[in-house]
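# Structure assessment
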Amino acid sequence: MSDTLYYLLIIVGVLVVMLTIAALLIWYERRMLALWQDRYGPNRVGPFGLMQVMADMVKIFFKEDWIAPFADKWVFIFAPTIIVVAVLLGFAVVPFAPGIVVADMNIGLLYFLAMSSLGAYSILLGGISSNNKYSLLGSLRGAAQVISYEVFMGISLMGVVILSDSFSLVKIVEAQKNMWFVIPQFIGFVIFFIAGVAETHRAPFDLPEAESELVAGFHSEYSGMKFGMFFVGEYLGITLISAMIATFFFGGWLGPSFLPPVVWFFIKTFAFITLFILLRASLPRPRYDQLMSLGWKILLPLSLVNLLVTAAIKLAIGG
Amino acid sequence: MFSILRSLWLTFLHTFHKRFTIQYPEEKAKLPARWRGRIVLTRDPDGAERCVACYLCAAACPVDCISLQAAEDETGRRYPEFFRINFSRCIFCGFCEDACPTYAIQLTPDFELVEYDRQNLVYEKENLLISGPGKYHDYNFYRVAGYAVGGKGKGEAEREDPPIDIHDLKP
Amino acid sequence: MVKITIDGNVYEVDPKDNLLQTILSLGLDLPYFCWHPALGSVGSCRQCAVKKYSGEDDQKGRIVMACMEPVVDGMRISVNDPEVKDFRANIIELLMTNHPHDCPVCDEGGECHLQDVTLMSGHNYRQFDFNKRTHNNQYLGPFINHEMNRCIQCYRCVRFYREYAGGRDFNVFSSRNRVFFGRYEDGVLENEFSGNLAEVCPTGVFTDKTYKQHFTRKWDLTTAPSICHNCSLGCNIIAGERYGTIRRIASRYNGKVNGYFICDRGRFGYEYVNSDQRIREPLRRGQASGRLEPVDRETVFNYFKKIFDKKPRLLGIGSPKASLESNHALQMLVGKENFFAGVSAVEHQLTLKAIQILKEGPAEVPSLRETEKADTVLILGEDVTNTAPMLALSLRQASRQKPMELPIKMNVPTWHEMAVLELMQDERSPFFVLTPTETKLDDIATAVYRNAPDNIARLAHAVAHYIDSAAPEVENLSEEETELVKQIAENLLSSKQPLIVSGTSCLNESLLEAAANITRALKKRQKSPWIFLTVPEANSVGLALLDEKDLNQAIEKALSDSYDALIILENDLYRRIEEDKANKLFDAFEHVIVLHYLHNSTTDKANLVVPVGPFSESDGTLVNNEGRAQRFYQVFYPGDSVKESWRWLGQIITGHGLNGRSELSKLDDFIEALVRDFPELKAVKDLAPNADFRIAGQKIPRQSHRYSGRTSMNANVNVSEPKPPEDEDSPMSFTMEGYQGMPPSPFISRFWYPGWNSVQAVNKFQIEVGGALRGGDPGLRVFEPQTDSDAPYYTRIPEAFKPQKDQWFAIPVFHIFGSDELSIYTPGVAELAPKPYLLLNQKDAESFSGEKVNVLLDGKQIELTVKTSSSFPSGMVGIPFGLPEMKIFKFPNWVKISG
């Protein structure tokens, strides 16, 4: 009984915290971008402009919920929910702290990869159902991009799996007690980070929505809260990837004991979120063919080499 | 690769830069005299209306937001019977000021034109006419034009000879 | 055709024109000032310089003035040679040294030939650093403004005014750069064509004074092609509107009708359209107040509905000032048998007679502009300067036709104005003016003959008899008269192209018959004479073609039959018939419905006044004196109350299911109905493309591409701009949206061409400069004379006029300013209109003591100032026609005077 209640509490807690973080990220990103562009960003509504989030929410809820008459109506409505649901499901395996995890599965890592790939459907369906050439181009790019980067995203994590001997995220974190995996698996970290950026199609890999070429890409036709879902999905995705980087390579909740583990986890996560924003603030968007050749010609071979070398070392040392 | 990291670092350094944003309305921006803001009609150094209702501002206006009607007083001086600018259409391009041959229409560094009712953005001559010469202090169109108006007859403008006596038969 | 080379390109051209005209006809740009296609070349401005090479090997060439250069085969010239361009730039710089800096306050600015040419020549920076010469201006009357400082001494004004229009009170004074163009002293310009100075002057020395009162730049005018309503000639005009009022009238070139010019009544007589007497909303006579009170549109229809409840009989009275479509719409509403032309019996009979004569032939009917080519002119009874002014201008050109034979014989080109004038000296074509009153054409007349209309008719019949003895003989002519008959007849017989001019203003049928007899006699002698007859009003001929019944018959019918309502179309009956007759007519009706645009004595009698558009606010077709149908178009949309007469009537017809055949809502429907009922008017349908016509899928805009103030002009009323009105009646739009290129000739609403902002842009609209407009001049004849007919002679010779002892024969005296019903609303026209007077022979006047006499007319005494003339026939009195101060419209009439 109390177990059920406990899990329910964690589930609700994770949901609430994650959604709040996603919402606050809107404010956080705007403030950070402004900071790096020598501006202030939203600073008028509430303390530090924090209520800007509320204002934006109110606005987005009250916007006309328009469905393009030429769109495939049901798919069009359904598409934005996929990304939010998929990313939220991904959080199920995130170990926030010892004991604070929704489901410590023994295949947690695979589960995370599976969930993050599901997001591709959202882009694909949203773009195709819009029945608009820009949306279609955006979704084609999105699908190709996600599928390509999916491959070595998984491969890059195999080094971590080899080192920790487990697919369970809790075990992976615990395996980093002595040394964060970022040191032995630095190449794996870099590849995973790049793949994560591509997976969440954040700048500089935001080609599916490249506004200078495709209006707004796959969500050109979306407005109101449906657009808001894509938006929230994107920020949830950033948070998830950041949390995963922290978990796989930076020891998750581990840290000196003057702060509780959950705080360490969030500090690390936020550091990567900030890095994501810094990327957006500083890097231009590559061409689509550059993106693809980077993935297939450099990152994939690199990740395979990384996997082989890691496995070989592991064999040599641990036998 | 290195350049990517370098640009990340340079961007990050902006964390410590001073911010350019001016916190309007608590702080006000210092605007140059040639700022293109609210349009005014000015007067010549003698205090008379500068506008001679030549319609060039209206013709130059790309959004057609200026309309006027020429009239003439008993001394022959031209002035606008009405002069209307629809600021809700104005794009503050300043073409009217460029077109004006008498320096009558001028743009000022006042951009705070906000109304709840769009109708209030329609300015008539009494809203536009100011009591001074604006940016150009000395110019008086009728002093250089060969047109006789009250207080200035034929041949009394700058660089003009007195009117010819056509009955004079001297070669 | 000869071949010439211009800047390396070979062109095949007709050598009849000078080089400048040829270059312009080819569509090339060459600046000029003093040359004008109607005025010829004098070579004084030195602006049209081109380089002429003597042969293939000549590399140097020499600069010549294109306007003074005949076109010869194989000539090689350069327009764009750097040296000659430089020359032109220098010349314009010199011309501009004294031109003042006042373009912003100049009415010509924006349509100034000087501005265009300065830009075209490439002079854009003034180096002249010395004082400018100045001039004092003159007061030149209510129509023309003088600003002499702007003059560049091209001499066009004085050449037009003195040589072309025959004015004597305007000249050039002083010498060198002090040259002054003006009158001897301040005063009103006497010539009736002075308004053209505003268009002839290449800059702003002479400008339209009425336009100045409510000045608007050319690009801000909403303009439409229109037809002048002020006399029967149907000159083409362009009417321009801004802010809901008509701002000016400009001449619209028509190579067949008015050419480049219009008269002052046509140009300035438009202000009734803006008058405060305008009716702008429906009015109904209140039951209680007895006054006309404003009502809404629905009330008008309800009023008719009430009348139509009991199968009414309606009496309709048309108007010679209203369009064919409006008159026909009324005819459809009331039925043909109940429709009457709204003109007096005598006027209508004369108009019908004139049409009959024109149709029967065998004389050919020239167009107004063609009359310039006649080389012998005989005017019978008509003071054309005052009844059909532009005809006087054309006839003045005809007076140069015969002496022009000399320059032609001596191989001097006809466009070489100075040489031609030198050769001609004071030589004139044979020109005979036979009128009761003095005319402005007397100065060019070979002989004048002043007598009573009947006597003029007798003399004319005698001329016919002299030419062909089969024509009826006239007895008891004096020796002098016989001598004159002989002189006229001999001249007519020896001429190449004789022209007989007569008209209705003497109200004498014999005059028209005599004119016809002369042409028939000339035809018998193997001549091909021209006849040109003037009629009273703009659409007199059109109205007469629709119906032969006049006002007197209407009154008889109204009094003998029982009618329910009287509908009067754009007409003031008190100007057509005597007051008591009109009163009798109105008293016979319970319902008097008047469609009009101005308050007048007739609307005072109305129970319901329907606001209709004058020429500027309606479309329609007029038929001029020679039978030429011409379309005029609405200039602007006057709001929802004022509608065209035909539209109101059409709505009433359709509303009560009276037409039963087709829809009547658009102009094209009415034209269709008109042509169905009157197949002889089928040309009306072909005057212009119908409302569905589009160029490149677009309408033709009435506004220029630089129309300004669209988002501001109505912003004081409502900041949200209203939807612009749509025109379903014509292929023209009321806005600037549409095809901005060159429209078909019936839709030319402004003369503008890139680089040519002034009216000189008309060159680009003509196939050949001075010739027909591209696509042909608009307007079509509804009837042509039967040139091979063998119409018999009119045999009725009137009795010689005998003065009577106690009564005087009154004839109307027409005035260009004053006799017309509508133009008098222009303050300037009213200022120039004569004060009421009575014209008497000097000897006759001696029998009265005072300066004033009492005239007894229809039982009413009117006191009038006496004006005397030594040549006015004895036993007659002349009464100025149509002056608002004296409403005498019963002519011809015997009156009693005492004093």
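This one's a predicted model, so the numbers in the text were calculated from it and none came from an experiment. (Residues numbered from 1 in each chain as written. Chains lettered and ligands numbered in written order. Predicted model: local features only at pLDDT ≥ 70, side-chain atom pairs only at ≥ 80, totals over all residues. Heavy atoms only, no water.)

### Here we look at the overall build of chain C
- What chain C contains, in helices and strands, is 26 helices and 36 strands.
- For 899 residues, the compact-globule estimate of 2.2 N^0.38 gives 29 Å, and chain C sits close to it at 28 Å.
- Expressed as lengths along the three principal axes of its C-alpha atoms, the size of chain C is roughly 90 × 80 × 55 Å.
- Per-residue burial for chain C yields a buried fraction of 65% across its 899 residues.
- Long-range contacts, defined here as pairs at least 24 residues apart, represent 73% of the contacts in chain C between residues at least 6 apart. (Helix = DSSP H or I, 4+ residues; strand = E, 2+ residues; numbered from the N terminus. Rg over C-alpha atoms; globule rule 2.2 N^0.38 Å. Buried < 20%, exposed > 50% of the residue type's maximum accessible area, 1.4 Å probe, protein only. Contact = heavy atoms within 4.5 Å.)

### Brief notes about the overall build of chain B
- Across its full length, chain B carries five helices and six strands.
- What you see in chain B, going N to C, is helices and strands ordered as α-β-α-β-β-α-β-β-α-α-β.
- Relative to a compact globule of 171 residues, whose C-alpha radius of gyration would be 16 Å, chain B shows 24 Å and is clearly more extended.
- Counting only residues that meet the buried cut, chain B has 42% of its 171 residues in that class.
- In the form shown here, chain B has an accessible surface area of approximately 9600 Å², with 57% of it arising from carbon and sulfur atoms.
- Computing the positive centroid from 22 side-chain charges and the negative centroid from 25, chain B places the two 9 Å apart. (Areas by Shrake-Rupley, 256 points an atom, 1.4 Å probe, with all protein chains shown as cover. Lys, Arg positive; Asp, Glu negative; His and termini not counted. Charge placed at Lys NZ, Arg CZ, Asp CG, Glu CD.)

### Notes on the side chain of C:Arg265
All names here are of chain C.
- Counting through the fold element by element, Arg265 comes out in helix H7 (residues 264–268).
- One buried charge, Arg265, has no salt-bridge partner; the nearest side chain with opposite charge is Asp820, at 4.7 Å.
- Only 2.9 Å separates the side chain of Arg265 from the backbone oxygen of Ile816, close enough to count as a polar contact.
- Leaving out residues up to four positions away in the same chain, Arg265 has contacts with Asn230, Cys231, Asn386, Thr387, His815, Ile816, Phe817, Asp820 and Ser823. (Salt bridge = Lys/Arg side-chain N within 4 Å of Asp/Glu carboxyl O. Polar contact = N/O pair within 3.5 Å; in protein donor to acceptor, adjacent residues only side chain to side chain.)

### A look at the arrangement of the chains
- The structure contains two pairs of chains in contact, of which chains B and C account for the largest number of contacts.
- One finds no contact between chain A and chain C; the C-alpha atoms of the two approach each other to within 25 Å at their closest.

### Description of the sheet that holds strand E11 (residues 222–227) of chain C
All names here are of chain C.
- The strand order E11-E12-E13 describes an open sheet built from three strands, whose pairing is antiparallel. Each edge of the sheet is formed by a strand with only one pairing partner; in this case those strands are E11 and strand E13 (245–251). Direction aside, the axes of adjacent strands within the sheet are offset by 30 degrees on average.
- In this structure, E11 lies alongside strand E12 (residues 236–242), joined through six bridges in antiparallel fashion. Residue pairing in the sheet places Pro225 in a bridge with Ile238 of E12. (Pairing = 2+ DSSP bridges. Axes fitted to C-alpha atoms, helices over the stretch in contact; angles between N-to-C directions.)

### Regarding the pattern of salt bridges
Residues and elements named next belong to chain C.
- Taken as a whole and assessed by the stated rule, the structure comprises 63 salt bridges over all chains.
- Of the charged contacts in the structure, one is a salt bridge between Glu111 and Arg248, with a shortest N-O distance of 3.0 Å. Taken together, the residues Glu111 in the loop between helix H2 (82–95) and helix H3 (113–121) and Arg248 in strand E13 connect sequence positions 137 residues apart. The exposure classification of Glu111 matches that of Arg248, with both residues buried.
- Its salt-bridge partner being Glu626, residue Arg781 comes within 2.6 Å of it at the nearest N-O pair. Placement of Arg781 in strand E30 (residues 780–781) and of Glu626 in the loop between strand E26 (620–623) and strand E27 (628–632) is noted, with a sequence separation of 155 residues between them.
- Judged by relative accessible area, Glu626 falls into the buried class, the value being 2%.

### Focus: the interface of chain B and chain A
- Every contact between the two is made by 16 residues of chain B and, on the other side, 13 residues of chain A.
- For the chain B and chain A pair, buried surface summed over both sides reaches about 1400 Å², with 56% attributable to carbon and sulfur atoms.
- Contact with chain A buries surface across chain B, with B:Leu8, B:Thr11 and B:Arg19 losing the most and accounting together for 42% of the total.
- Measuring nitrogen to oxygen at the nearest pair gives 2.9 Å for the salt bridge that ties A:Arg44 to B:Glu26. (Buried area = accessible area lost by both parts, 1.4 Å probe.)

### Some words on the interface of chain C and chain B
- Of the residues lining the interface, 49 residues belong to chain C; the matching set on chain B comes to 47 residues.
- A per-residue breakdown of the area chain C buries against chain B is headed by C:Val105, C:Thr134 and C:Val719, which together make up 16% of the total.
- Scanning the region where chain C abuts chain B turns up seven salt bridges.
- One salt bridge connects B:Arg159 with C:Asp129, and the closest N-O pair in it is separated by 3.5 Å.
- Taken together, the connections running from chain C to chain B amount to 33 residue pairs in polar contact (both at pLDDT 80 or more).
- In terms of residue count, strand E6 (residues 132–134) of chain C provides more of the side of chain C that touches chain B than any other element does, three residues in total.
- Among the residues making up the side of chain C that touches chain B, the classes are represented as 14 nonpolar, 19 polar and 16 charged.
- In the sheet, strand E6 (residues 160–163) of chain B pairs with E6(C) via two bridges, with the strands oriented parallel. Looking at the pairing, B:Pro163 lines up with C:Thr134 of E6(C). (Nonpolar A, V, L, I, M, F, W, Y, C, P; charged D, E, K, R; others polar.)

### So, empty space enclosed by the protein
- Applying the stated criterion across every chain yields a total of 14 cavities of 30 Å³ or more.
- Approximately 380 Å³ is the volume attributed to the largest cavity.
- C:Glu111, C:Glu199, C:Arg248, C:Ala250 and C:Val759 are, among the 27 residues lining the largest cavity, the residues nearest its centre.
- Counting residues per element, the ones that place at least two in the lining of the largest cavity are helix H5 (197–200), strand E10 (206–208), E12 and E13 of chain C.
- Looking at the lining of the largest cavity, its residues break down into 10 nonpolar, eight polar and nine charged.
- Volume-wise, the second largest cavity comes out at about 160 Å³.
- Considering the residues around the second largest cavity, the lining is formed by 16 residues, among which A:Ile83, A:Val87, A:Ser116, A:Glu199 and A:Thr200 are closest to the centre.
- When residues of the lining of the second largest cavity are traced back to their parent elements, those giving at least two are helix H3 (73–90), helix H4 (108–129) and helix H9 (224–249) of chain A. (1 Å grid on protein atoms, 1.4 Å probe; cavity = no way out; pocket = protein on both sides within 12 Å on 5 of 7 lines; lining within 4 Å. Points joined across faces, edges and corners; volume = space filled by probe spheres on them.)

### Section: the packing of aromatic side chains
- Across all of its chains, the model carries 69 aromatic pairs over all chains by this definition.
- Arranged with centres 4.1 Å apart and planes meeting at 5 degrees, the rings of A:Phe76 and A:Tyr222 form a pair that is stacked. Residue A:Phe76 is located in helix H3, and its partner A:Tyr222 is located in the loop between helix H8 (211–214) and H9; the two are separated by 146 residues in the primary sequence. Judged on exposure class, the residue A:Phe76 and its partner A:Tyr222 are both buried.
- Within the aromatic cluster, the residues linked to one another by ring pairs are A:Phe112, A:Trp180, A:Phe186, A:Phe189, A:Phe192, A:Phe193, A:Phe248, A:Phe249, A:Phe250, A:Phe272 and A:Phe276.
- The side chain of C:Arg313 reaches across the aromatic face of C:Tyr563, ending 4.7 Å from its centre. (Phe/Tyr/Trp six-rings, centres within 6.5 Å; stacked < 30°, edge-to-face > 60°. Lys NZ or Arg CZ within 6 Å of the ring centre and 35° of its normal.)

### Focus on the packing of helix H5 (residues 133–164) of chain A against helix H7 (residues 186–199) of chain A
Residues and elements named next belong to chain A.
- At a minimum axis separation of 9 Å, H5 and H7 run at an interaxial angle of 155 degrees. Judged on the interaxial angle alone, H7 and H5 are roughly antiparallel. Crossing geometry of H5 relative to H7 is assigned as left-handed. Where H5 abuts H7, its residues Gln145, Val146, Tyr149, Glu150, Phe152, Met153, Ser156 and Leu157 lie against Gly188, Ile191, Phe192, Ile194, Ala195, Gly196, Ala198 and Glu199.
- When the residues that make up the contact of H5 with H7 are grouped by side-chain class, the tally is 10 nonpolar, four polar and two charged. (Parallel < 35°, antiparallel > 145°, perpendicular 65-115°, else oblique. Left-handed = near helix turned anticlockwise from the far one by under 90°.)

### Digging into H9(A)
- Between its first and last C-alpha atoms H9(A) spans 38 Å; for 26 residues at 1.5 Å apiece the expected length is 38 Å, and the two agree.
- Across the 26 residues of H9(A), 21 count as buried, placing the element largely inside the fold. (Expected span 1.5 Å × (residues − 1).)

### Things to note about the nonpolar core
- Formed by 238 residues in total, the largest nonpolar core has its most connected members in C:Phe206, C:Leu333, C:Leu380, C:Leu395 and C:Ile518.
- In this structure, A:Met32, A:Ala71, A:Phe250 and A:Ile277 belong to the second largest nonpolar core, which totals 87 residues. (Core = buried A, V, L, I, M, F, W, Y, C linked by side-chain atoms within 4.5 Å.)

### A look at the domain arrangement of chain C
Residues and elements named next belong to chain C.
- Taken domain by domain, chain C holds domain 1 (2–80), domain 2 (360–536) and domain 3 (808–898).
- Spacing between the C-alpha centres of domain 2 and domain 3 amounts to 28 Å.
- With 14 residues of domain 2 at the contact, the number on the domain 3 side is 14 residues.
- Carbon and sulfur atoms supply 70% of the area buried between domain 2 and domain 3, which totals about 1000 Å² over both sides.
- When residues of domain 2 are sorted by the area they lose upon contact with domain 3, Asn386, Thr437 and Leu507 head the list and together hold 40% of the total.
- At the boundary of domain 2 with domain 3, the tally comes to zero salt bridges.
- Between the two partners, domain 2 and domain 3, sit four residue pairs in polar contact (both at pLDDT 80 or more).
- With three residues, helix H11 (residues 384–387) is the single largest residue contributor to the side of domain 2 that touches domain 3.
- For the side of domain 2 that touches domain 3, a count of residues per class yields five nonpolar, six polar and three charged. (Domains from an automatic or database assignment.)

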